[in-house]
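Below, each chain spelled out in residue letters.
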Amino acid sequence: MQAWIWDEEGLFLLDQRKLPLEEKYVFCNTVNKVRKAIKELVVRGAPAIGISAAIGFTIGFKNFLEKTKTKKFSIKRISEEIGKISLLLETARPTAVNLKWAVNRMRGVCEKFLKEVEKQPITLKTLTKLYSILEKEALKIWEEDIKGNLSMATFGKDLISEGGVLTHCNTGALATGGYGTALGVIREAYKHKKIFVFVDETRPFLQGARLTAWELSKLNIPYAIITDNSAGYLIKKGKIKAIIVGADRIALNGDTANKIGTYSLAVLANYHKIPFFVAAPSSTFDLEISSGEEIPIEERTSKEVLSCGKSRIAPLNAKAYNFAFDITPGELITAIITEKGVIYPPYNQNIPKIIKGNEN
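Remember, it's a predicted structure, so these values are computed and weren't measured experimentally. (Residues numbered from 1 in each chain as written. Predicted model: local features only at pLDDT ≥ 70, side-chain atom pairs only at ≥ 80, totals over all residues. Heavy atoms only, no water.)

Asker: If you had to explain the overall build of the chain to someone new, which residues and values would you point to?
Answerer: The number of helices and strands found in the chain is 11 helices and 17 strands. For the chain, the spread of C-alpha atoms along the principal axes amounts to about 70 × 50 × 35 Å. The burial tally for the chain puts 54% of its 360 residues in the buried class. Sequence-distant contacts in the chain: of pairs separated by 6 or more residues, those separated by 24 or more amount to 75%. Accessible surface for the chain amounts to roughly 16,800 Å². Of this, 53% is attributable to carbon and sulfur atoms. (Helix = DSSP H or I, 4+ residues; strand = E, 2+ residues; numbered from the N terminus. Buried < 20%, exposed > 50% of the residue type's maximum accessible area, 1.4 Å probe, protein only. Contact = heavy atoms within 4.5 Å. Areas by Shrake-Rupley, 256 points an atom, 1.4 Å probe, with all protein chains shown as cover.)

Asker: Give me the lowdown on the nonpolar core, citing residues and values where you can.
Answerer: Counting residues in hydrophobic clusters, the biggest one holds 44 residues, and the most contacted among them are L11, F57 and F61. For this core, the secondary-structure elements that each account for two or more residues are strand 1 (4-6), strand 2 (11-14), helix 1 (31-39), helix 2 (46-67), helix 3 (75-90), helix 4 (97-116) and helix 5 (124-156). Among the elements that line this core, the one with the most residues is helix 2, at 11 residues. Contact partners of L11, with chain neighbours within four places excluded, come to W4, I5, W6, V26, F27, C28, V34, I55 and I59. Counting 26 residues, the second largest nonpolar core, distinct from the first, contains I226, A266, L332 and Y347. (Core = buried A, V, L, I, M, F, W, Y, C linked by side-chain atoms within 4.5 Å.)

Asker: Give me the lowdown on the pattern of salt bridges, citing residues and values where you can.
Answerer: For side chains of opposite charge, pairing can occur when their charged atoms come near one another. The tally for this structure, following the rule as stated, stands at 13 salt bridges. For E81, the salt bridge identified is with R77, shortest N-O distance 3.4 Å. Remark: R77 and E81 occur in helix 3; sequence separation between them is four residues, near one turn of the helix. In this structure, R93 engages E298 in a salt bridge whose closest nitrogen and oxygen atoms are separated by 2.9 Å. You can see R93 sitting in the loop between helix 3 and helix 4 and its partner E298 sitting in the loop between strand 12 (276-279) and helix 10 (303-306), a full 205 residues away along the chain. One connected set of salt bridges, linked through shared partners, spans R93, E298, R300 and E304. (Salt bridge = Lys/Arg side-chain N within 4 Å of Asp/Glu carboxyl O.)

Asker: Run through helix 9 (residues 262-272), naming residues and quoting values.
Answerer: Turning to helix 9, its buried residues are T262, L265, A266 and A269. For helix 9, the arc enclosing every buried residue in end-on projection is 100 degrees, short of the 170-degree limit, so these residues lie on one face. K273 sits one or two residues past helix 9 and shows a positive phi near 60 degrees. (Arc of directions from axis to C-beta.)

Asker: Describe the sheet that holds strand 2, with residues and values.
Answerer: Strand order in the open sheet made by the three strands is 1-2-3, with antiparallel pairing throughout. If you trace the sheet from one side to the other, it starts and ends with strand 1 and strand 3 (25-28), each paired once. Direction aside, the axes of adjacent strands within the sheet are offset by 15 degrees on average. Both strand 2 and strand 3 contribute to a ladder of four bridges, which runs antiparallel. Each residue of the ladder has a partner; that of F12, found in strand 3, is F27. Across the sheet, helix 1 touches strand 2 and strand 3, and the angle it forms with strand 3 is around 145 degrees. (Pairing = 2+ DSSP bridges. Axes fitted to C-alpha atoms, helices over the stretch in contact; angles between N-to-C directions.)

Asker: Could you give an account of helix 11 (residues 347-356), naming the residues involved and the relevant values?
Answerer: The set of residues buried in helix 11 consists of Y347, N350, I351 and I355. Mapping the buried residues of helix 11 onto a view down its axis gives an arc of 110 degrees, with all of them on the same face. Looking at the buried positions of helix 11, the neighbouring elements they touch are strand 10 (249-250), strand 16 (335-338) and strand 17 (341-343).

Quick look at the structure:
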């Protein structure tokens, strides 16, 4: 499953809006096109958005160099351009912290380089070197995500018992660097035990029915799509032994923003006493916020609710709320699976130990 291709021409993104009926790539050769692709869900999933933003940053800087006719550059001029590129990308979608994390990392590379050469003449040759460094950094972010996914899968596989496992939205190769977070854990667990995956359709954009089902079909992992409101009935019947989802942002206390409907699943899991796991890379943690109350929730166009595909399914005068995410309290989460290890409550104490502690 190749969700993207990046070469000298630009970035080719597999259009996730058209899956599974059509496998078509969208070509992005400007930072504005990458921003649009992120905003309009051509590419989605917190880690994938972050990687795309890093590549978009590199493309934006390359285009700046190609368009300019100047032979000499000021630090101020370069800093202004870096600021413009950063702002364009990090405002594409507000909830997923990976986006801002990736942009800040790329921006940090620029600032470090410019500080090192501030006493030298800034020429096109100098900035071409910076472009090369940015390109390597974007690829490094991509490679780190794949490696992290595999570690996450190894840590999480033993937490998933045999039987039915429910997942929400899409957290596989399409949403990451190429393997998966929650779906990556399921993939690894399936190698060692008998697992059947229940796939929430995930209204209104149907990331489960369209994307997770598409990935599981390609992986030959047995599954069935269910309507989002079937989960409680199946859990009560004993068909589902565990729930595992991804995340778009995790606060210091373990409160987690994820695709709308996640909170409802966590409440069901808690009531029926089945484990509820979150799988996410360390870049998804926002240790600057103490709780989920500080996480901005994206509200998308009502058209996604009032229509299915190109067909309208509601009265012409109908209104709709379309929240893209909800917040699951940390107290409802059994454990958080990361590439650095599995984190258990109390999260206020253990998240910094694993996420921040391992960075020192």
